[in-house]
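Coordinate inspection notes
Listed below are the residues making up each chain.
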Amino acid sequence: MCIFCKIVKKEVPASVVYEDSDIIAFKDVHPIAPVHILLIPKKHIESVDDLRDEDVSLAGKLVVAAGKIARDFDISPKGYKLLFRVGEWGGQEVPHLHLHLIGGAKLYEAIHPEEMSKEAR
Ligand code: AMP
Ligand code: ZN
């Protein structure tokens, strides 16, 4: 069973900030910003690449809950970032779909400098 499924089953502790019948949200153990929360479906889905038509409502719930949590944490006025990493090049490390809610500070983006030389597409 994957680490996030264990969090769903409460076999691994997590700092839960939101939970309903379909999803759960908890603080990232290695935050990269003052607010860094992960929202996951309780059902094990590996990544966005595995989402199908029947998952539309579940995926929507993750986004709607992220907005709600952002308001609860008072980071909405300044803004924040929502991030799904997908697979190796996307930097996904945990193979259970998760939406990063990152905020509380001004955020920057970067890719590896060597990759910049690649043709834009
Ligand atoms: P990703 O690189 O998109 O797969 O992100 C995985 C995230 O999960 C990382 O930011 C980790 O810090 C976080 N993480 C891994 N294990 C745990 C855990 N047991 N509780 C909370 N966050 C975790
Ligand atoms: Zn899982």
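Throughout what follows, the structure given in this document is the object of discussion.

**Examining the coordination of the zinc ion (ligand 2)**
- Protein coordination of the zinc ion (ligand 2) is provided by Cys-2 (SG), Cys-5 (SG), His-44 (ND1) and His-96 (ND1), with donor distances spanning 2.0 to 2.3 Å.
- Around the zinc ion (ligand 2), the 4 donor atoms sit at angles spanning 103 to 119°, and that spread fits a shape best called tetrahedral.
- Each donor residue of the zinc ion (ligand 2) lies on one chain, and together they are spaced C-x2-C-x38-H-x51-H. Of the two residues, Cys-5 is situated in helix α1 (residues 3-8) and His-96 in the loop between α3 (87-90) and β5 (99-103); the sequence distance between them amounts to 91 residues. Here the two residues Cys-5 and His-96 agree in accessibility, since each one is buried.

**Regarding unusual backbone geometry**
- Look at Lys-10: it is not a glycine, yet its phi comes out positive at around 65°.
- With respect to the helices, strands and loops of the structure, Lys-10 is situated in the loop between α1 and β1 (16-19).
- One non-glycine residue with positive phi stands out, namely Asp-74, at about 60°.
- Tracing the backbone through its elements, the reader meets Asp-74 in the loop between α2 (56-72) and β4 (80-83).
- Take Asp-74: its relative accessible area is 60%, and that puts it in the exposed class.

What counts as what
- Residues numbered from 1 in each chain as written.
- Chains lettered and ligands numbered in written order.
- Predicted model: local features only at pLDDT ≥ 70, side-chain atom pairs only at ≥ 80, totals over all residues.
- Heavy atoms only, no water.
- Donors = N, O, S within 2.8 Å, 3.2 Å for Na, K, Ca; no water.
- Tetrahedral: all angles 85-135°; square planar, octahedral: opposite > 155°, others 65-115°.
- Helix = DSSP H or I, 4+ residues; strand = E, 2+ residues; numbered from the N terminus.
- Buried < 20%, exposed > 50% of the residue type's maximum accessible area, 1.4 Å probe, protein only.

Everything listed is a geometric property; what it means functionally is a separate question.
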